[in-house]
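# Per-entry structural report
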Amino acid sequence: MASIKPLFDQVANGSAHSSPSPQESTFDSSYSNPATPAGVSSADVSGEPVRKRHRMRDEKVCGVCGDKALGYNFNAITCESCKAFFRRNALKPKPDCLFQGNCVVDVRTRRFCPSCRINKCFTIGMKADMILDDAEKRARMEKVVENRNRRFVSHEKMEHPARAEPRQEDQGSSHSVLTTALLKSESPKEIPVRHYGLPKPSQARMFHHPPRELLPSDPQFYRRLTEEEKWTLNDISTAYQATIATLHGAEVDPNPPKANPSLNELINSTDETVRQLIRFVGKVVDFQQMRKDDQVSCLKNSVMQSVLMRSACVYILEKDVFLCSKGEVSTSFLKKAVNNASVYSAHVNFCKSMKSIILNNYTLWALAQILALFNPCGAAIIDREMLSTLQDKYIILLKHYLESEFSFTFATEYLVAIQDMLSDLKMLGEAYTTIIFNVNPTEIEPLLLEVFNLK
DNA sequence: TTAGCCTTGATC
DNA sequence: GATCAAGGCTAA
């Protein structure tokens, strides 16, 4: 919080301003030297040894309100709050003072009169032209993104040299390093072993979308999808939307949700979700063309992940609730039913992360669902090669879609985030499978007994 | 809206 | 590596 101690100290030892009235500027000689370039501390100017810099930094006082300052902001020494205040207000039309235009601006009163505060900012030499304009902000953000990508690539090279270097056989194919990484993400060897097999972060990894204005305006930065790709994307998106739509208020269940459901009740509540999943895969042409026994295996192998993914799809980030046929249900109901704090928090964090990336983009939800479905490593699969080929197809389709929507510049970030999310999903699915293994089968719906292998 | 903390690139 | 000075994020 703001502190007035530095002012008291200076008055006590007589080092600073000779009893300035609140109206007078309280800045010392180092503020008032307009020749002092930003970035050069008063210690440099006065010839103080460099080792004293930190001490000097602690002793600075805001020229506007007298609060503790860390250094120069917009050409004058100010505290964090006056810096933020100036940034927000310097370019806006000046407000009128409700009094005589000579209000006291100190730590206590600085909020009372924006007019006198902004005047004092200008008086002590703060410069509005040092606030970055939109073009400068944009350039700055582009540099941040560029560096992030560079750091990511070098990190990948250090952590996974084999992934970073394209293999001979990949040369000339449309598989990028990242695509290869995604392809390999299902390999059991590469799944990190963690406690309960759950994702490590205690907090959700929130994805920050690049601001609209940062997306390139030049069409050459976007992939043009083939007609076939467009049809496929349209088909799966429509199919997904149609099956998720039943949750979005079409069939409202008049009975309120139970506040503390048991684990059995929780499992049984997924019955409709599983039926939606079956309806969805029934509309995916590539799934229909698979041999029947592999269709069943694929469905069983991915059902837990699919249910979890659909819970994320109906998760409302702003309210921390699931939107189901009974209305909005707080995520806290999971806590009691699951009775496992790590699984519960991993589930909620997964929903937050996934929703922060995909938002309400049904094409991406559908693609993520299909990638969970087509897993050549799954149990009891007979034609693994075909499943691997289908997996390739949808990974590339996902990459192309991201490039068409978010540009070549930003597609990588999305792809990496989705890859991480699918890894987390796999581990969360395994944790849930362990938990539901011990339920009493007599209380579980027949369809769920079958798909969850609980018989 | 404010104010504090954080991240970042530039500079020394 | 330390420091400075921008903007971003977010609880209050």
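Numbering of residues starts from 1 in every chain and runs along the sequence as written. Note on labels: chains are lettered from A, ligands numbered from 1, in written order. Totals for whole chains, interfaces and linings use all residues, but because this is a predicted model, local features are given only for residues with pLDDT of at least 70 and pairs of side-chain atoms are given and counted only at 80 or more. Based on all heavy atoms of the structure, the side-chain values leave hydrogens and waters out of the count.

### Things to note about the pattern of salt bridges
What counts is decided by this rule: Basic side-chain nitrogens of Lys or Arg form a salt bridge, by our definition, when they fall within 4 Å of a carboxyl oxygen of Asp or Glu. Only runs of H or I of at least four residues qualify as helices and only runs of E of at least two qualify as strands under DSSP, and these elements are numbered from the N terminus. Here's how the labels work: a residue is buried when its accessible area is under 20% of the maximum for its type, exposed when over 50%, partly exposed in between, all with a 1.4 Å probe on protein chains only.
Summed over all chains, the structure comprises eleven salt bridges. Lys393 is paired through a salt bridge with Asp286; the nearest N and O atoms lie 2.7 Å apart. Within this pair, whereas Lys393 is found in helix α17 (residues 384-436), its partner Asp286 is found in helix α12 (residues 285-288), the two being separated by 107 residues in sequence. Its relative accessible area of 32% is what places Lys393 among the partly exposed residues. Relative accessible area serves as the criterion here: at 11%, Asp286 is assigned to the buried category.

### Some details on unusual backbone geometry
Even without being glycine, Asn75 reaches a positive phi, approximately 80 degrees. Tracing the sequence through the fold places Asn75 in the loop between β1 (71-73) and β2 (76-78).

### Section: helix α15 (residues 341-358)
Inclusion rule: Every helix has an expected span of 1.5 Å times one less than the residues it contains.
Taking 1.5 Å per residue as the helical rise, α15 with its 18 residues ought to reach 26 Å, and the 26 Å between its terminal C-alpha atoms agrees with that figure. Within α15, 14 of the 18 residues are buried, which leaves it mostly tucked inside the rest of the structure. Following α15 by one or two positions, Leu359 adopts a phi angle in the positive range, close to 55 degrees.

### Brief notes about the pairing of strand β5 (residues 327-330)
Sheet faces and side chains relate simply in a regular strand, where the side chains alternate between the two faces. What counts here: Any two strands with at least two DSSP-identified bridges between them are counted as paired.
Here strand β4 (residues 321-324) pairs with β5 via four bridges, running antiparallel. Across the sheet, Val321 pairs through a bridge with Ser330, a residue of β5. Between the end of β4 and the start of β5, which pair antiparallel, lie two residues.

### Topic: the packing of α15 against α17
Cut-off, in case you're wondering: Throughout, an axis means a line fitted to C-alpha atoms (over the contacting stretch in the case of helices), and angles, computed between N-to-C directions, take values from 0 to 180 degrees. To sort the angles, those under 35 degrees are grouped as roughly parallel, those over 145 as roughly antiparallel, those from 65 to 115 as roughly perpendicular, and the leftovers as oblique. We call a crossing left-handed when the near helix sits turned anticlockwise from the far one by less than a right angle, and right-handed when that turn is clockwise. Contacts are assigned to residue pairs with any non-hydrogen atoms lying within 4.5 Å of each other. Polarity classes work like this: nonpolar for Ala, Val, Leu, Ile, Met, Phe, Trp, Tyr, Cys and Pro, charged for Asp, Glu, Lys and Arg, and polar for all others, with Gly in that last group.
Running from N to C, α15 and α17 cross one another at 155 degrees; their axes reach a closest spacing of 10 Å. On the basis of the axis angle, α15 is roughly antiparallel to α17. Considering only the axes of α15 and α17, their crossing is left-handed. On α17, the residues touching Val343, Ala346, His347, Phe350, Met354, Ile357 and Ile358 of α15 are Tyr414, Ala417, Ile418, Met421, Leu425, Leu428, Ala431, Tyr432 and Ile435. Class assignment of the residues belonging to the contact of α15 with α17 gives a composition of 15 nonpolar, one polar and no charged.

### Looking at the confidence of the model for chain A
Put simply, the test is: One confidence number per residue, pLDDT, is output by the predictor and ranges from 0 to 100.
For chain A, per-residue confidence averages 72 on the pLDDT scale, and 71% of positions sit at 70 or higher. For chain A, per-element mean pLDDT is lowest for helix α1 (residues 5-13), which scores 28, and highest for helix α16 (residues 362-373), which scores 93. Residue range residues 1-57 is modelled with pLDDT below 50. Its contacts to residues more than four positions away, or to other chains, number 59 contacts. When the criterion is pLDDT under 50, residues 162-197 qualifies, and its contacts beyond four places in sequence or with other chains add up to 54 contacts.

### Structural notes on the pairing of β4
Bridging between strand β3 (residues 315-316) and β4 involves two bridges; their strand directions are antiparallel. From the neighbouring strand, Tyr315 faces β4, where its bridge partner is Phe322. From the end of β3 to the start of β4, which pair antiparallel, there are four residues, and Asp320 there has a positive phi angle of about 55 degrees.

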